[in-house]
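Reading the structure
Residue strings, one per chain:
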Amino acid sequence: MAEPDDTLETLSAFQARMDAMPARRAELIAAARAAGHSWPKIGAALGMSHQGAMKAAAVEH
């Protein structure tokens, strides 16, 4: 007997996690700022400019 195909369920769960990522990233940026890290250092950690990090931090939770 073949196992049921759960690829759509897996894909849906993956998408739910992806949808949560911008808010989670903003939370982590806020934590980094609260710990005293500068925008340029946060941007570097994210592989973007400090302006990009500031924009990413503005995502509504």
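Cut-off values and rules
Here the residue numbers are simple positions, counted from 1 along each chain's written sequence. For a predicted model such as this one, the threshold for reporting local features is a pLDDT of at least 70, and the threshold for listing and counting side-chain atom pairs is 80 or more; totals across whole chains, interfaces and linings nevertheless cover every residue. Hydrogens are left out, water is left out, and the side-chain values use all remaining heavy atoms of the structure. Strands are runs of DSSP state E lasting at least 2 residues, helices are runs of H or I lasting at least 4, and numbering of each runs from the N terminus. Here the globule rule reads 2.2 Å times residues to the power 0.38, and the radius of gyration is calculated from C-alpha atoms. Using a 1.4 Å probe on the protein chains alone, a residue whose accessible area is under 20% of its type maximum counts as buried, one over 50% counts as exposed, and one in between counts as partly exposed. Here, residues are in contact when the closest pair of their heavy atoms is within 4.5 Å. Each accessible area is a Shrake-Rupley estimate made with a 1.4 Å probe; only the visible protein chains count as cover when residues are assessed. Counting rule applied: Lys, Arg positive; Asp, Glu negative; His and chain ends not counted. Think of each charge as sitting on NZ of Lys, CZ of Arg, CG of Asp or CD of Glu. Residues grouped as a nonpolar core are buried Ala, Val, Leu, Ile, Met, Phe, Trp, Tyr and Cys residues, joined through side-chain atoms within 4.5 Å. Only the contacting stretch of a helix is used when fitting its axis, a line to C-alpha atoms as for every element, and angles between N-to-C directions run 0 to 180 degrees. Roughly parallel means an angle under 35 degrees; roughly antiparallel means over 145; roughly perpendicular covers 65 to 115; every other angle is labelled oblique. Crossings are sorted by hand: turned counterclockwise from the far helix by less than a right angle, the near helix makes the crossing left-handed, and turned clockwise it makes it right-handed. When residues are sorted by character, Ala, Val, Leu, Ile, Met, Phe, Trp, Tyr, Cys and Pro go into the nonpolar class, Asp, Glu, Lys and Arg into the charged class, and all the rest, Gly among them, into the polar class.

It is worth spelling out the overall build of the protein at this point. For the protein, the count of helices and strands is 3 helices and 0 strands. Tracing the protein from N to C terminus, the helices and strands come up as α-α-α. Relative to the compact-globule value of 10 Å for 61 residues, the protein shows a C-alpha radius of gyration of 17 Å, a clear excess of over 25%. Judged by the C-alpha coordinates and their principal axes, the protein covers about 55 × 20 × 20 Å. Counting over 61 residues, the protein shows a buried share of 13%. Contacts in the protein between residues far apart in sequence, at least 24 positions, make up 43% of those at least 6 positions apart. For the protein, the accessible area works out to roughly 4900 Å², and carbon and sulfur atoms hold 61% of it. In the protein, 6 positive and 7 negative side-chain charges are present, and the distance between their average locations comes to 22 Å.

Moving on: the nonpolar core. With 5 residues, the main nonpolar core is built from Ile-29, Ala-32, Ile-42, Ala-53 and Ala-56. Of all the secondary-structure elements, those providing two or more residues to this core are α1 (7-34) and α3 (50-57). Not counting chain neighbours up to four residues away, the residues in contact with Ala-56 comprise Arg-25, Ala-26 and Ile-29.

Across the interface, α1 lies against helix α2 (residues 39-46) with an axial gap of 10 Å and an inter-helix angle of 140°. By the angle between their axes, α1 is oblique relative to α2. The interaxial crossing formed by α1 with α2 has right-handed handedness. Across the interface between the two elements, Arg-25, Ile-29, Ala-32 and Arg-33 from α1 touch Trp-39, Ile-42 and Leu-46 from α2. Of the residues assigned to the contact of α1 with α2, the class counts are 5 nonpolar, no polar and 2 charged.

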